[in-house]
Amino acid sequence: MTIYSETLVIGSGPCASHVADNLAEQGIGVTWVTGNVTDAVNTIALQPPARVNRVQGSALVGCQGQAGSFRIILDQGGVRTAHGVASIIVAEEALYLPNFSEYGLQASRRVVTLSAIEAKARDVALESLIPPEARVVFLNGWRRDSHPAIAARMLAFCLRLQKISTARTVFMTGNLKVSMDHMEACCQAAKAAGAIFVKFGDRVPRMAMLDDTRVQIDYHDETSGMDFRVSADLVIVDETVHAHPSLAGIAEILRLERDATGFLQADNVHRLSNSTNRRGVFVAGGSRAVAGAEQQKADAGQVALQVVEFLAGRDRESLRTVDIDQGRCARCLTCYRLCPYMAIDISPRMTVVAQACQSCGLCAAGCPNQAIRMSDAGVPEAIEALSRIEGNPARSVPFTPRLAIFGCNRSAALAREAAFALGHKLSAGVTFVEGLCGGSFSVNHLLKAFEADADGVLLLSCHEGNCHSGTGTSHARKRCAEAAKALSWAGVEPQRIHYGTLSASMGCEFVQVVDDFVTRIAALGPLTR
Amino acid sequence: MTNPTPSFVRLEDLDAGLCKHWPYAQDVCLTCGMCSGACPVAGMNDFDPRKVVRLVSMGMLNWIVGERWPWICTMCGKCEQVCPMGIDIADMMRAIRALRDRVKIPGILQDGLANALRTGNNLALPKEDFVFILEDVAEEMTEEPGLKDFSIAIDKPGANILTTIHNKLVNTHTEDLKHWWKIFHAAGEDWTIASDNWEGTSWGYFTGDDEAMKIMAGRIVDNMRRLKAKTLLWPE
Amino acid sequence: MNLKGKQGVVIGAGVAGLTAAAALSRWGVQVWLIDKAPVIGGHAIQFSCKAIEGCVQCGACQVHERAQQVSRQKNITFVPGARIVRSRGNGRLELTLAASGQGAGQSAGRFPDTLNADALLVTTGFTVYDPSHKPYGYGQFANVLTNLDAERILHATGALARPSDGRLPRRMAFIQCVGSRDHRIGHDWCSKICCGSALRMARLVQSRQPGTAVTFFYIDVQSFGRQFQAIYDGCRERIRTVRAIPADIRKTADDDMQVTYFDPQDRNATDAVFDLVVLSAGLTPTADNAVLASVLGMRLLENGFFCPHDNDTQPPGMFAAGAALGPMSIAESIDSAGKAAFDMVRYLDGGRLR
């Protein structure tokens, strides 16, 4: 398999430019694709960094292959070209949409967006932009809260106007967002300079258009309990931050997860900072909702390090080999569908691509023919060990259940260690079987535990939304349900198997869950055979 | 049928810079509401300290100066104590009081202040009556166990402490004299009271009348100089 | 590129320090991870998971995962219970270590007296504001806790019970911005994480201890994470939010807390009784910052946090990341450490990576 040396950077703004620059500085060949720039996207004309091959006005239209050997197709004005790249970084800008509808307004000479006025203020002096003594009203997040980075820009501009021009500003918001650096101080300074801040809860102001096109705003001031009316010479409307429209297509082509709002990263702490569900594909800046110039530049730095780590093969300890026994493989494509990392090639034969595999074990656990074997996974051995527990505590009086706890190495295993660190002890007769992921335990594994004399089986996996593999924990839940069904067909109480979720920090909860389960199985008695 | 128009205050009608020079930092209010939570009279008359800060910041003095609430304020200062922005709310209340026409301040305060300026105390209590009351209560004290040798010193020169007197102590609450007299006695303190201009309750301070406050304070300073006391105790 | 043989020193083994140490070690740097505390993980390792039906992205699990990663790296040495007391040299620093006095139970002095550092990263995090001077009775009333106290109880026991009698609270109050956005004490910043932390904790307690009524006293709710609006809207259905900060707390005979606040709806000062109060105490610069900065010759911001190392504001080879720079969430601390690692690796390589 060819390993390429080029890297693809997708994005039309400063973040992508920084990423390209950072990588090129490290001697990595970069192809920078600026995507299909639409009118709604706020871009600045950029000089491409030296050493970077910028393909302007182009888009990614196809991608095959895996980490290290992606074969991509670019389309530039109808002309398609094929390239081989080792890694891909999506650093497209976020989409900033004017928030007119939140305030019941439309764009006009007197009602402008934040970006528009900021852009104008870069070119001309404030005095010529805004009439003397003008009443300027800032509208920032009413029923729907503002993004802190947008609020920061609004506050900074309000302070600037209030301090260095004769404008009289009024800042109207729901929740005043001051979490970004220096914003509390900025807000205090704006107030001290004479800006009037008005905050709302459920009762939002009413707008009316005056004959001279000024905007009349009637509002209830909760602080004084009184009603006010202001006639605005200029209204500055904020923007909302969205996933760039190109991300949907990119996600499909690259087979990437997206979060509920369309950004190119599952809202999963395991993706921190710039990872996606695919090795070799990274996301940065506005494509993962990072807003703010400084923050985007920082993100461009950290993603560059991660990319270089990946290219140098330093991003993980060892590659676990996963082999598909071609003799047993029936080409049912179950593994291909199960793999959350898109790491399985189907042609010419079903193969797990080592470069892309992240060792979750879902494929091996899901293969109906048990054709997939992972090196040093250790689960079958651990299950065997159950039947070799000394002293047969299951037959003692009072009855101490012999339990198998299947746990993923990120949640249950760490929680167990945290529990021991807190000084907790587990009941005798409990055997812990550690797996790579909750989804790495097959139904066979679970049932084999009962064959190895377990009275009860507990499967502990990550919370929904916290699983590194994304879907591993829900597969674990389904397999427990299947195993429970199998148990009841065999005349065994289905409650002897139980699925629970926890996370690495839940040390004492781990002990509680295990103790509860011990009590329940003890009440059921030993498994009679 | 039309809905009645709510009464708006138009920002255009306000002079936002009206109180810009007031040194109370009212513009940086966080609207946290702690001042109003601490205030013992918040909500009365539909006012609270946070509202006052807001109105001052907007230059809306016309909406406050004529109101009753600034005079309901006890000037306890709890609002100032809790304010995270360090706004001097109690001082601000006093400044608002100072803006009220002198003949329009609450009657009892007008009368008391006039008395104080004319006679040296809010009750217009003659000197002989004042001294008589003090000596009378002192004699009662000597009848209590352990206080046989108690005495008060009026106009004593060179004492360690000269103390002012709250007018209620020689009017409706004479019994309250005994509590702190006992403390001074047990401490073996060397203290005295002036027979003239003894009033400690400065309604010049309370009504925001700086001139009156200066006059009353000046008289107390004169007492200090005249009696050559070492320390002035001025409970207010 | 060859970073083997390079020594990196990371001061502070919280989530930022752990992230950066792991990154540096992947490049072959020999990393010394120092902490004045006897245990790894900083503050965040004491936080409880806030998941209800699913993960709410609080980040607490990430500290544990990263601590494990670090423990498996042969080229990272964790040095607990130690402080840097002296720094000498240019380029390669010679650092002198001493016992921090927090190594309780540890055999004292089992760490090298000096370390050489080709690059140094400060990730010393923050200190939680001590609200004893606020009128809330913290330190006197058993049932008034800080957010950090509550995290520790939840993490250690899985439940949030009243310290006075172990009973589960039926009515809880969260008071926000205690020690933050406070000009009087010089804390002119928002501590950023407390709104998210309090709301997530409130929902966690409600889900584990059904029937708990929660009141959330705030000034302005700050955003947290990409799904903020959805989480916040969901919270408001189950939590009573009051846009006013209480001014006083008194204790009742049953060790309940009588909280006085100005009700913005009724426009009246009101008393409400809760059986447990959690103060969202702010994130402040660690008291040691000034000492450490002076030992290292590094700059602090006016507010006492460390100055970011961008634009050469810190001496060459010295970097800072995480909440040592200012209040940050766990996710932001991880990002900050990642960026610092990028800067450090470039510096150690003389400006190139390969």
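Residues numbered from 1 in each chain as written. Chains lettered and ligands numbered in written order. Predicted model: local features only at pLDDT ≥ 70, side-chain atom pairs only at ≥ 80, totals over all residues. Heavy atoms only, no water.

1. Things to note about the pattern of salt bridges
Two side chains of opposite charge can pair, provided their charged atoms sit close to one another.
Inference 1: In total, this model carries 52 salt bridges over all chains according to the counting rule given.
Inference 2: In this structure, the salt-bridge partner of Arg54 of chain B is Asp221 of chain A, at a minimum N-O distance of 3.1 Å. With Arg54 of chain B in helix 2 (residues 49–57) and Asp221 of chain A in strand 14 (residues 215–221), this residue pair bridges two chains.
Inference 3: Across the pair Glu211 of chain B and Lys214 of chain B runs a salt bridge whose closest N-O atoms are separated by 3.7 Å. With a gap of three residues between them, Glu211 of chain B and Lys214 of chain B both fall in helix 10 (residues 210–227), about one helical turn apart.
Inference 4: Take Glu211 of chain B: its relative accessible area is 49%, and that puts it in the partly exposed class.
Inference 5: With a relative accessible area of 57%, Lys214 of chain B lands in the exposed category. (Salt bridge = Lys/Arg side-chain N within 4 Å of Asp/Glu carboxyl O. Helix = DSSP H or I, 4+ residues; strand = E, 2+ residues; numbered from the N terminus. Buried < 20%, exposed > 50% of the residue type's maximum accessible area, 1.4 Å probe, protein only.)

2. Topic: the sheet that holds strand 2 (residues 161–163) of chain B
Residues and elements named next belong to chain B.
Inference 1: Pairing is parallel in the open sheet, where three strands are placed in the order 3-2-4. Every other strand in the sheet has two partners, leaving strand 3 (191–193) and strand 4 (231–233) as the edge strands with one partner each. For this sheet, the mean angle separating the axes of adjacent strands, direction not counted, is 30 degrees.
Inference 2: Here three bridges tie strand 2 to strand 3, and the two strands are oriented parallel to one another. If you follow Thr163 over to strand 3, its bridge partner there is Ile193. (Pairing = 2+ DSSP bridges. Axes fitted to C-alpha atoms, helices over the stretch in contact; angles between N-to-C directions.)

3. Observations regarding the packing of aromatic side chains
Inference 1: Applying the stated criterion across every chain yields a total of 26 aromatic pairs over all chains.
Inference 2: Ring geometry for Tyr219 of chain A against Phe228 of chain A: centres 5.7 Å apart, planes inclined by 15 degrees, an arrangement best described as stacked.
Inference 3: Summarising the aromatic geometry, the rings of Phe216 of chain C and Tyr218 of chain C are spaced 5.7 Å apart at their centres and angled 25 degrees between planes, so their arrangement reads as stacked.
Inference 4: The structure contains a cluster of three or more aromatic residues connected by ring pairs, namely Tyr103, Trp142, Phe200, Tyr219 and Phe228 of chain A.
Inference 5: Above the face of the Phe47 of chain B ring, Lys51 of chain B is positioned so that its terminal group lies 4.4 Å from the ring centre.
Inference 6: The ring of Phe206 of chain B has Arg97 of chain B sitting right over it, with the charged end atom 4.3 Å from the ring centre. (Phe/Tyr/Trp six-rings, centres within 6.5 Å; stacked < 30°, edge-to-face > 60°. Lys NZ or Arg CZ within 6 Å of the ring centre and 35° of its normal.)

4. Side note on the confidence of the model for chain B
Inference 1: The predicted model of chain B has a mean per-residue pLDDT of 94, with 97% of residues at 70 or higher.
Inference 2: Here the complex is predicted with pTM 0.93, and the ipTM for its interfaces comes to 0.94. (pLDDT = per-residue confidence, 0-100.)

5. What about the domain arrangement of chain B?
All names here are of chain B.
Inference 1: Domain annotation for chain B reports domain 1 (11–100) and domain 2 (120–233).
Inference 2: Between domain 1 and domain 2, the C-alpha centre-to-centre distance is 34 Å.
Inference 3: Taken together, the contact between domain 1 and domain 2 spans seven residues of the former and eight residues of the latter.
Inference 4: Summing the contributions of domain 1 and of domain 2, the shared interface buries around 560 Å²; its carbon and sulfur component is 51%.
Inference 5: The interface formed by domain 1 and domain 2 includes one salt bridge.
Inference 6: Salt-bridge contacts for Asp210 lead to Arg94; the nearest nitrogen and oxygen are separated by 2.9 Å.
Inference 7: At the boundary of domain 1 and domain 2, one finds four residue pairs in polar contact (both at pLDDT 80 or more).
Inference 8: With three residues, helix 5 (residues 89–98) is the single largest residue contributor to the side of domain 1 that touches domain 2. (Domains from an automatic or database assignment. Contact = heavy atoms within 4.5 Å. Buried area = accessible area lost by both parts, 1.4 Å probe. Polar contact = N/O pair within 3.5 Å; in protein donor to acceptor, adjacent residues only side chain to side chain.)

6. A look at the interface of chain A and chain C
Inference 1: Counting residues at the interface gives 69 residues for chain A and 60 residues for chain C.
Inference 2: Of the roughly 5300 Å² buried between chain A and chain C on both sides combined, carbon and sulfur atoms contribute 47%.
Inference 3: One can count eight salt bridges joining chain A with chain C.
Inference 4: Two residues, Arg181 of chain C and Glu184 of chain A, come together in a salt bridge whose shortest N-O distance is 2.7 Å.
Inference 5: Linking chain A with chain C are 33 residue pairs in polar contact (both at pLDDT 80 or more).
Inference 6: Those elements that provide at least two residues to the side of chain A that touches chain C are helix 1 (14–25), helix 6 (183–192), helix 8 (293–311), helix 12 (412–421) and helix 15 (507–524) of chain A.
Inference 7: The element contributing the most residues to the side of chain A that touches chain C is helix 8 of chain A, with seven residues.

7. Quick look at the sheet that holds strand 23 (residues 403–408) of chain A
Residues and elements named next belong to chain A.
Inference 1: Read across the open sheet, the four strands follow the order 24-23-25-26; overall the sheet is parallel. In the strand order of this sheet, the two ends are held by strand 24 (430–435) and strand 26 (497–501), each with one partner. Adjacent strand axes in the sheet meet at a mean angle of 20 degrees, parallel and antiparallel pairs treated alike.
Inference 2: Where strand 23 lies against strand 25 (residues 456–461), five bridges are found, and the strand directions are parallel.

8. Points about the interface of chain A and chain B
Inference 1: Counting from both sides, the interface comprises 24 residues of chain A and, opposite them, 22 residues of chain B.
Inference 2: Summing the contributions of chain A and of chain B, the shared interface buries around 2000 Å²; its carbon and sulfur component is 57%.
Inference 3: Broken down residue by residue, the surface that chain A buries against chain B is led by Lys191, Thr223 and Arg229 of chain A, which jointly contribute 30%.
Inference 4: Across the chain A-chain B interface, the total number found is two salt bridges.
Inference 5: As a salt-bridge pair, Glu12 of chain B and Arg135 of chain A come within 3.7 Å of each other at their nearest N and O atoms.
Inference 6: On inspection of chain A and its partner chain B, the count reaches eight residue pairs in polar contact (both at pLDDT 80 or more).

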